[in-house]
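As a plain string of letters, each chain reads:
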Amino acid sequence: EHELRGKVVWVTGASSGIGEELAYQLSKIGALLAISARREDELQRVKEKCLQISNLSESDIFVLRLDLTDRNSHEAATKSVLKHFGKIDVLVNNGGRSQRSLFVDTNLDVFSAIMELNYLGTISLTKHVLDHMIQRKKGKIVTVSSVMGIMGAPLATGYCASKHALQGFFNSLRTELTDYPEISIINICPGPVQSQIIQNVFTEELSKSLENSGDQSHKMPTARCVRLTLVSVANDLKEAWISDHPYLAVCYLWQYAPTWAWWLMNRMGKKRIENFKSGVDADASYSRKKK
């Protein structure tokens, strides 16, 4: 609370899921908010709730419609936030979409769209905000990556690729900023979370939506994920894995014993595909017994 109170925090993807919950918890802390997404009506709803649950005033929350795939708009968007608040202390790159489809069934246009949104859109916005932070010689760039940026998993080849790209980019960018020790590059890697990301995933075709998202109750509550994210941001952690087991254990295996991780993921991956094909959430607990 002490670290983030009064700071200007720009959150993308703030109309639902992790981004929406970030807005609520940050408003309670007393951070000044710029919230962005494509759906301005949903952003207004989030703003109204933030005002109800916090001591912020109307001008403390700036609603800015933003399409991450429209990279030509990012410079003007950044200038709009700076005009309103005069500074940006924290950028939270949260906007993006996941995926549920097998590679052999998926149109290549889907992979292009995933990279355009999750990767290129994110680094484009970061470039404009970072220019401002370099001028001030301080700031935090927080990117909501995923445990899929650490490991590989079936049904998410394009999503994994985009998150691996973000991990590689920001880990490299951090090494370019050694002359700016007060600019932090922070990667947040959540596991399965009870957010609404599953309802808006890419499938095998751009025009097709997921028919059945399945039960999400076995996943980490969004509020807990966000709380741990803000703790990580306040303490300038370079990377934070935020997940329940067994997913977190697999991250450690992938990091320290990759041969075992590949063997285990082949077994877990088979179950993941079976879940998906049977209409059960792909991330349903692998230890749950069949009824």
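As a starting point, this report considers the structure included with it. (Residues numbered from 1 in each chain as written. Predicted model: local features only at pLDDT ≥ 70, side-chain atom pairs only at ≥ 80, totals over all residues. Heavy atoms only, no water.)

**Considering the overall build of the protein chain**
- Each helix and strand counted, the protein chain has 8 helices and 7 strands in total.
- Counting only C-alpha atoms and orienting by the principal axes, one finds that the protein chain spans roughly 55 × 40 × 35 Å.
- Across the 291 residues in the protein chain, those meeting the buried criterion constitute 52%.
- Summarising the internal contacts of the protein chain: among those between residues at least 6 apart in sequence, 73% fall at separations of at least 24. (Helix = DSSP H or I, 4+ residues; strand = E, 2+ residues; numbered from the N terminus. Buried < 20%, exposed > 50% of the residue type's maximum accessible area, 1.4 Å probe, protein only. Contact = heavy atoms within 4.5 Å.)

**Points about the sheet that holds strand E5 (residues 139–144)**
- Overall, parallel pairing links the 7 strands, which are arranged E3-E2-E1-E4-E5-E6-E7 in an open sheet. Either end of the sheet is taken by a strand with one partner, and the two such strands are strand E3 (61–65) and strand E7 (239–242). If you compare each strand with its neighbour and ignore which way they point, the axes differ by 15 degrees on average.
- Direction of pairing for strand E1 (residues 8–12) relative to strand E2 (residues 32–37): parallel, over a ladder of 5 bridges. When the sheet's bridge partners are listed, Val9 is paired in E2 with Leu33.
- Its contacts with the sheet place helix H3 (residues 74–85) against E1, E2 and E3, and it is angled at close to 165 degrees to E3. (Pairing = 2+ DSSP bridges. Axes fitted to C-alpha atoms, helices over the stretch in contact; angles between N-to-C directions.)

**Focus: the nonpolar core**
- Ranked by size, the top nonpolar core spans 35 residues in total, and within it Val9, Leu22, Leu26, Leu33, Ile35 and Val92 carry the most contacts.
- With 6 residues, helix H1 (residues 17–29) is the single largest residue contributor to this core.
- With 29 residues, the next largest nonpolar core counts Trp10, Leu68, Tyr119 and Leu130 among its residues. (Core = buried A, V, L, I, M, F, W, Y, C linked by side-chain atoms within 4.5 Å.)

**Quick look at the pairing of E2**
- With 5 of 6 residues buried, E2 is to be regarded as a mostly interior element.
- On the question of chirality, the crossover connecting E1 to the parallel E2 by way of H1 is right-handed.
- Pairing analysis gives 5 bridges linking E2 to E3, with the strands arranged parallel. Along E3, the bridge assignment pairs Ala34 with Phe62. (Right-handed = clockwise from strand over helix to strand, strands pointing away.)

**Overview of H1**
- The end-to-end C-alpha separation of H1 is 19 Å, in line with the 18 Å expected for 13 residues at 1.5 Å each.
- Burial analysis of H1 places 12 of its 13 residues in the buried class, the great majority of the element.
- Restricting attention to buried positions, one finds in H1 the residues Gly17, Ile18, Gly19, Glu20, Glu21, Leu22, Ala23, Tyr24, Gln25, Leu26, Ser27 and Ile29.
- Against E1, E2, helix H2 (40–53), strand E4 (90–93), strand E6 (183–190) and helix H6 (222–234) lie the buried residues of H1.
- Immediately beyond the C-terminal end of H1, within one or two residues, lies Gly30, with a positive phi of roughly 105 degrees. (Expected span 1.5 Å × (residues − 1).)

**Digging into the pattern of salt bridges**
- According to the stated counting rule, one finds 12 salt bridges in the structure shown.
- A salt bridge links Glu20 to Arg45; the shortest N-O distance between them is 3.0 Å. Highlighted residues: Glu20 in helix H1 and Arg45 in helix H2, separated in sequence by 25 residues.
- Note on Glu20: relative accessible area 12%, which makes it buried.
- When the shortest N-O distance is used, the salt bridge between Glu116 and Arg71 registers 2.8 Å. (Salt bridge = Lys/Arg side-chain N within 4 Å of Asp/Glu carboxyl O.)

**Points about a nonpolar patch on the surface**
- On the surface, Phe103, Val104 and Leu108 cluster together into a nonpolar patch covering about 370 Å² of accessible area.
- Summarising the element assignment, Leu108 is placed in helix H4 (residues 108–136).
- On the basis of relative accessible area, Leu108 is assigned to the exposed category, the value being 61%. (Patch = residues over 30% accessible without salt bridge, like charges linked within 9 Å, V, L, I, M, F, W, Y side chains within 5 Å. Areas by Shrake-Rupley, 256 points an atom, 1.4 Å probe, with all protein chains shown as cover.)

**Re the packing of H1 against H2**
- Orientation of H1 relative to H2, taken along the N-to-C sense of each, is 25 degrees, at an axis distance of 9 Å. The orientation of H1 with respect to H2, classified from their angle, is roughly parallel. The handedness of the crossing between H1 and H2 is right-handed. Across from Glu20, Ala23, Tyr24, Ser27 and Lys28 in H1, the residues of H2 making contact are Arg45, Val46, Lys49, Cys50 and Ile53.
- Across the contact of H1 with H2, the residue classes break down as 5 nonpolar, 1 polar and 4 charged. (Parallel < 35°, antiparallel > 145°, perpendicular 65-115°, else oblique. Left-handed = near helix turned anticlockwise from the far one by under 90°. Nonpolar A, V, L, I, M, F, W, Y, C, P; charged D, E, K, R; others polar.)

**Re unusual backbone geometry**
- Note that the residue after His245, namely Pro246, is joined by a cis bond; omega there is 10 degrees.
- Among the structural elements, Pro246 can be located in the loop between E7 and helix H7 (247–256).
- Positive phi outside glycine occurs at Lys137, with the angle close to 65 degrees.
- Note that Lys137 resides in the loop between H4 and E5.

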